[in-house]
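Read off the chains here:
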Amino acid sequence: MKKNIQYNVGQWLPSDQEFYNKWLKKVLKEAESEENQKLLPPVQALKNLIESDRYLYNITQMMFDEIPEKYVDTPMGTPQVRNYRQMLLMLNRIIQRAPEFNTTGLVRTPINAILDYPMATKAGYVFFMNPKINEKLRDILNYWGKYLQTPASTYVLNTSKNGWLSDYALNEMSKAADGDNFTTIFKCESDDREKHLGFTSWDNFFTRLFNPGIRPVQDPEDPNSIANACESAPFRIARDLPMKAKFWIKGQPYSLMDLLHNDPWTSKFEGGTLYQAFLSALSYHRWNSPVSGTIVKAYNLPGSYYSESLYQGFANERGADPVAANDSQAFLTATATRAVIFIKADNPKIGLMCFVAVGMSEVSSDEITVRVGQHVNKGDQLGMFHFGGSTHVLLFRPETQVEFNLHDQEPGLGSSNIKVREEIARVK
């Protein structure tokens, strides 16, 4: 009997457990068959780091040893990576390919999928939070990202059952955008699917634009109306924000100092309001300004790529959730790679606010496309996620009285996308 993966939020991993199992077995088999191949430079660099640092070597061994015995052979019926050598081989295999579409299940964050069990251990928490490890993981992801920006990556943009341009795939992406026809909704340089609809790479396809007139700004002239910055589903609203919090505990409170990495302006948001929402894998992946105003500060923050809250893993004796990152979203606002953009709104009732794009696992290429001093209108582009979507945060100061409009739904893992540029809140 098929099992469903719990918390399959944003459609990053398949809800069909059987497909997920088969995919992992396939990747492991392919990786092991390529064992005699030379590791790619960034993967070899990670191997060298692990084997040259006694502390990291021991932690690496421990994170596999700490997987509970009952999960070692067939955890949830799923094969797992059993040592760091297998882990390196699978990383080497993944970053030479583009993600495929499948009608029964999708693995849109394949590295996250193969690291699921070691991530869930206490030693894995230490390993994946280590700055040296994250530097090497960043290089691996950058290597993959460069490949996904080449014409060679368009081989998955085809009309086969595993192709992103099949009737089924195009229909699913159209439905995610509440539309009827992919080429009507999204900007394509060609109508010919044999020519990849004009998309020049996987990344070019995944960061596709809406056609003009799609997703107009709601109430563009109303300064009290705040627009949705991303095509995203509400996750959480937090008020009276503290400067510092123990964000690893079950409730995952937000920690402003960690979220903004001790930015000098952090104290301006103490006692303020935070809105967080997550993006679907099939949706639009660009960020848009929620207000009209001036960009007064913008920068990228380094962080972790494959860390999750300890509460989500084996430490809680729950077993490892295949998409534990979904439940760790509040935790990731303080630990993951992210882009921070401060906007001084034209409306003095809003004043200084902040948009934060938070990378999750593979989805950590946060590209800022605005510059300091630039004036943006509500709905203008701020930047984009590469290789899909993730989660984002809006921050408001305590003097900004915000009333949210979540379109008749409650925030949480079961919420649905609100269209980008639709009203998400009003300032009183």
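Residues numbered from 1 in each chain as written. Predicted model: local features only at pLDDT ≥ 70, side-chain atom pairs only at ≥ 80, totals over all residues. Heavy atoms only, no water.

Explain the sheet that holds strand S7 (residues 352–358) to me, please; I cannot follow it from the model alone.
Either a parallel or an antiparallel arrangement is found when strands of a sheet pair, and the pairing is made through backbone hydrogen bonds. If you trace the seven strands from one edge of the open sheet to the other, you get S2-S3-S11-S7-S6-S5-S9, paired in antiparallel fashion. Bordering the open sheet on either side are strand S2 (232–239) and strand S9 (375–376), each of which pairs with just one other strand. Relative to S7, strand S6 (residues 338–345) is paired through seven bridges, and the arrangement is antiparallel. Within the sheet, the bridge partner assigned to Phe342 lies in S7 and is Cys354. (Pairing = 2+ DSSP bridges. Helix = DSSP H or I, 4+ residues; strand = E, 2+ residues; numbered from the N terminus.)

How should the pairing of S6 be read in this particular structure?
Within a regular beta strand, the side chains point alternately toward one face of the sheet and then the other, so they alternate between its two faces. Across the eight residues of S6, seven count as buried, placing the element largely inside the fold. Pairing geometry for strand S5 (residues 293–301) and S6, over eight bridges, is antiparallel. The residue of S6 that forms the bridge with Ala298 is Ile341. Between S6 and the antiparallel strand that follows it, S7, lie six residues; Gly351 among them carries a positive phi value of about 60 degrees. (Buried < 20%, exposed > 50% of the residue type's maximum accessible area, 1.4 Å probe, protein only.)

For this particular structure, what's the right way to read the confidence of the model for the protein chain?
A low pLDDT score tells you not to read the predicted coordinates there in detail. Averaged over all residues, the pLDDT of the protein chain is 83; the fraction at 70 or higher stands at 79%. Across residues 1–15, where pLDDT falls below 50, the model places 58 contacts with residues more than four positions away in sequence or in other chains. Below a pLDDT of 50 lies the segment residues 315–327, which in the model reaches 48 contacts outside its immediate sequence neighbourhood of four places, other chains included. (pLDDT = per-residue confidence, 0-100. Contact = heavy atoms within 4.5 Å.)

In this structure, what is going on with helix H5 (residues 84–94)? I would like to understand it.
An α-helix turns once per 3.6 residues; consequently, residues spaced three or four apart project the same way. A large share of H5 lies buried, amounting to ten of its eleven residues. Of all the residues in H5, the buried ones are Tyr84, Gln86, Met87, Leu88, Leu89, Met90, Leu91, Asn92, Arg93 and Ile94. N-capping of H5 is provided by Asn83, with a side-chain oxygen placed 3.1 Å from the backbone N of Arg85. (Polar contact = N/O pair within 3.5 Å; in protein donor to acceptor, adjacent residues only side chain to side chain.)

Looking at this model, I keep getting lost on the side chain of Arg421. Mind explaining?
Following the sequence through the fold, Arg421 ends up in the loop between strand S12 (402–404) and strand S13 (423–427). Among the polar contacts made by the side chain of Arg421, one reaches the main-chain carbonyl oxygen of Arg215 at a distance of 3.0 Å. Excluding residues within four positions of it along the chain, Arg421 makes contact with Ile214, Arg215, Pro216, Val217, Gln218, Ala227, Asn228, Asn288 and Gly379.

I tried to follow the pattern of salt bridges on my own but got confused; where do I start?
Working definition: two side chains of opposite charge can pair if their charged atoms are close together. In the structure shown here, the tally under the stated rule is twelve salt bridges. A salt bridge links Lys47 to Glu51, with the shortest nitrogen-to-oxygen separation between them at 3.1 Å. With Lys47 and Glu51 both in helix H2 (residues 41–52) and four residues apart, this pair spans about one turn of that helix. Owing to a relative accessible area of 23%, Lys47 belongs among the partly exposed residues under this scheme. The partly exposed category is assigned to Glu51, whose relative accessible area is 38%. Between Arg426 and Asp222 there is a salt bridge, and its shortest N-O distance comes to 2.9 Å. Here the residue Arg426 occupies a position in strand S13, and Asp222 occupies one in the loop between helix H12 (202–206) and strand S1 (225–227), the gap between them amounting to 204 residues. A relative accessible area of 29% places Arg426 in the partly exposed class. Among the charged side chains, a network of salt bridges with common partners joins Asp222, Glu423 and Arg426. (Salt bridge = Lys/Arg side-chain N within 4 Å of Asp/Glu carboxyl O.)

Got a minute to help me understand the sheet that holds strand S10 (residues 381–386) in this structure?
The strand order S4-S10-S8 describes an open sheet built from three strands, whose pairing is antiparallel. Unpaired on one side and paired on the other, strand S4 (286–288) and strand S8 (365–368) mark the two borders of the sheet. With direction set aside, neighbouring strand axes in the sheet form an average angle of 20 degrees. Note: S4 against S10, three bridges, orientation antiparallel. Its bridge partner being in S10, Arg286 is matched across the sheet by Met384. (Axes fitted to C-alpha atoms, helices over the stretch in contact; angles between N-to-C directions.)

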